[in-house]
Amino acid sequence: MLNDEYSELRKTVESFAREVVAPVIGDYYEREEFPYDIVRQMGAMGLFGLPLPEEHGGMGGDYFALCLALEELARVDSSVSITLEAAVSLGAMPIYRFGTAEQKATWLPKLASGEVLGAFGLTEPGGGSDVPGGMRTTAVLDGGEWVINGTKAFITNSGTDITGVVGVAAITGERDGKKEISTILVPAGTPGFTVSKKYSKVGWNASDTRELSFTDCRVPAENLLGERGRGYAQFLQTLDEGRIAIAALSVGLAQGCVDECLRYVRERQAFGHPIGHYQAIQFKIADMEARTHTSRLAYYHAAEKMLAGQPFKKEAAIAKLVSSNAAMDNSREATQIFGGYGFMNEFPVGRFYRDAKILEIGEGTSEVQRMLIARQLGLSDL
Ligand SMILES: Cc1cc2nc3c(=O)[nH]c(=O)nc-3n(C[C@H](O)[C@H](O)[C@H](O)COP(=O)(O)OP(=O)(O)OC[C@H]3O[C@@H](n4cnc5c(N)ncnc54)[C@H](O)[C@@H]3O)c2cc1C
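Residues numbered from 1 in each chain as written. Predicted model: local features only at pLDDT ≥ 70, side-chain atom pairs only at ≥ 80, totals over all residues. Heavy atoms only, no water.

## Considering helix H7 (residues 231–267)
Heads up, the rule is: Secondary structure follows DSSP: runs of H or I at least 4 residues long count as helices, runs of E at least 2 residues long count as strands, and numbering of each begins at the N terminus. Here a helix's expected span is defined as the number of its residues, less one, multiplied by 1.5 Å. Working definition: with a 1.4 Å probe on protein chains only, accessible area under 20% of the residue-type maximum means buried, over 50% means exposed, and in between means partly exposed.
A rise of 1.5 Å per residue sets the reference length of H7, with its 37 residues, at 54 Å; its end C-alpha atoms lie 53 Å apart and thus fit the reference within 8%. Counted residue by residue, H7 has 29 buried out of 37 residues, so it is predominantly covered.

This is the structure we're talking about:
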């Protein structure tokens, strides 16, 4: 049960998504264009500052508030939802959690207002599941500056006109025979930091995803985020939280499928009845609703534990696993219910179908979630 404040926020974002995003987002998607105007309005509403304290220009809410907003946006469109998720959860939160007072003062007010977007560069062409194994990017201290060399793959929000800063995970040395990994803040436009053209993607087509390359890219030594050698621990924490956010986004997509189908099956006629008359269709929608409901409970529970300061790694992995499955299953069934129209870009369910698959991949694949759950159950030492 949501309290009044959460309820109010949910309703406000629901109206914004229906009235502002829904009428135009299909065209942005088809043009593969980043929706600057929508993002600007999301900034004006304070969505980018939801979990950040007021002293940093935020709304003084919490991470669950962010999740509610992500869910409501994704009910209508996932590109805008992932833009918010990556900007806040991957861009701003690491600076808030681990940054120095100066880094917070420099970046958080701008990130919280949505005036600039943040990004997080972890994945490399050589691997995203096994981050340390696949990492080749290096950062070497030279004359009071980090010199960064390497390539990052699939980085969200990294090449928009309003991208401000990217947190780059890099190898900064060796400790106990292992790679020492640290995170370094690289402002957009730094010489030696090149952003490729946008990938051509299967889904999330109104969001920005790019490959980044660093060639003798120099930033001041003070751009180190938190402690040297803590990069691995930082991104594990960031990803644990991010999984709850991706679960919320997935639940939104799953709910959007239910919403669209409930409308359509009343209108579409076949064999003398609205198709919703047939039990085969009713059962599909009942299953969709059940998956959405249980996935929502899973992410609410993970968020509750996180906000209470309790361990939540297993719950976050479960929430991400079941809700990305729900999004995938619901979008497949919704497209089926829409028949040929489901395959037309004019109807949102086709877009939901294309957007759902990445939810089983990004911020840890479903296999990685199962590995995390098994590890939490003590199975990794067998
Ligand atoms: C649109 C998009 C946006 C993204 N945004 C970002 C971003 O902003 N920042 C960022 O850093 N990254 C981002 N990513 C990267 C994303 O997190 C990775 O793609 C993801 O973690 C998987 O890594 P990979 O693609 O290298 O696959 P791999 O790690 O190569 O995995 C390939 C397959 O092998 C499986 N696998 C791997 N290891 C095991 C194992 N031990 N047991 C069983 N199966 C295994 C995986 O589950 C997967 O099915 C984004 C990706 C996409 C597509």
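## Things to note about the packing of H7 against helix H9 (residues 313–337)
Counted only if it meets this: With axes taken as lines fitted to C-alpha atoms, and helix axes fitted only over the stretch in contact, angles between N-to-C directions fall between 0 and 180 degrees. Any angle from 65 to 115 degrees is called roughly perpendicular, while one under 35 is roughly parallel, one over 145 is roughly antiparallel, and all others are oblique. Helix crossings fall into two classes, left-handed where the near helix is turned counterclockwise from the far one by less than a right angle and right-handed where it is turned clockwise. Nonpolar residues are Ala, Val, Leu, Ile, Met, Phe, Trp, Tyr, Cys and Pro. Charged residues are Asp, Glu, Lys and Arg, and all others, Gly as well, are polar.
Relative orientation of the contacting elements H7 and H9 amounts to 25°, with a least axis distance of 8 Å. The angle between H7 and H9 falls in the class roughly parallel. Classified by chirality, the crossing of H9 by H7 is left-handed. Residues belonging to the contact of H7 with H9 are distributed by class as follows: 17 nonpolar, five polar and four charged.

## Focus: the pattern of salt bridges
Where we set the bar: Take a side-chain nitrogen of Lys or Arg and a carboxyl oxygen of Asp or Glu: if they are within 4 Å of each other, that pair is a salt bridge.
The full count for this structure, using the stated rule, is 25 salt bridges. Between Glu14 and Arg75 there is a salt bridge whose closest N-O contact spans 3.4 Å. One end of the pair, Glu14, is in helix H1 (residues 4–31); the other, Arg75, is in the loop between helix H3 (63–74) and helix H4 (78–98), with 61 residues separating them in the sequence. Each member of the pair, Glu14 together with Arg75, is buried. Between Glu360 and Lys357 there is a salt bridge, with the nearest N and O atoms lying 2.6 Å from each other. Look at Glu360 and you get buried, because its relative accessible area is 13%. The partly exposed category is assigned to Lys357, whose relative accessible area is 38%. It is possible to trace a salt-bridge network through shared partners that takes in Arg10, Glu14, Arg18, Glu72, Arg75 and Asp259.

Function cannot be read off these values alone, since they describe shape.
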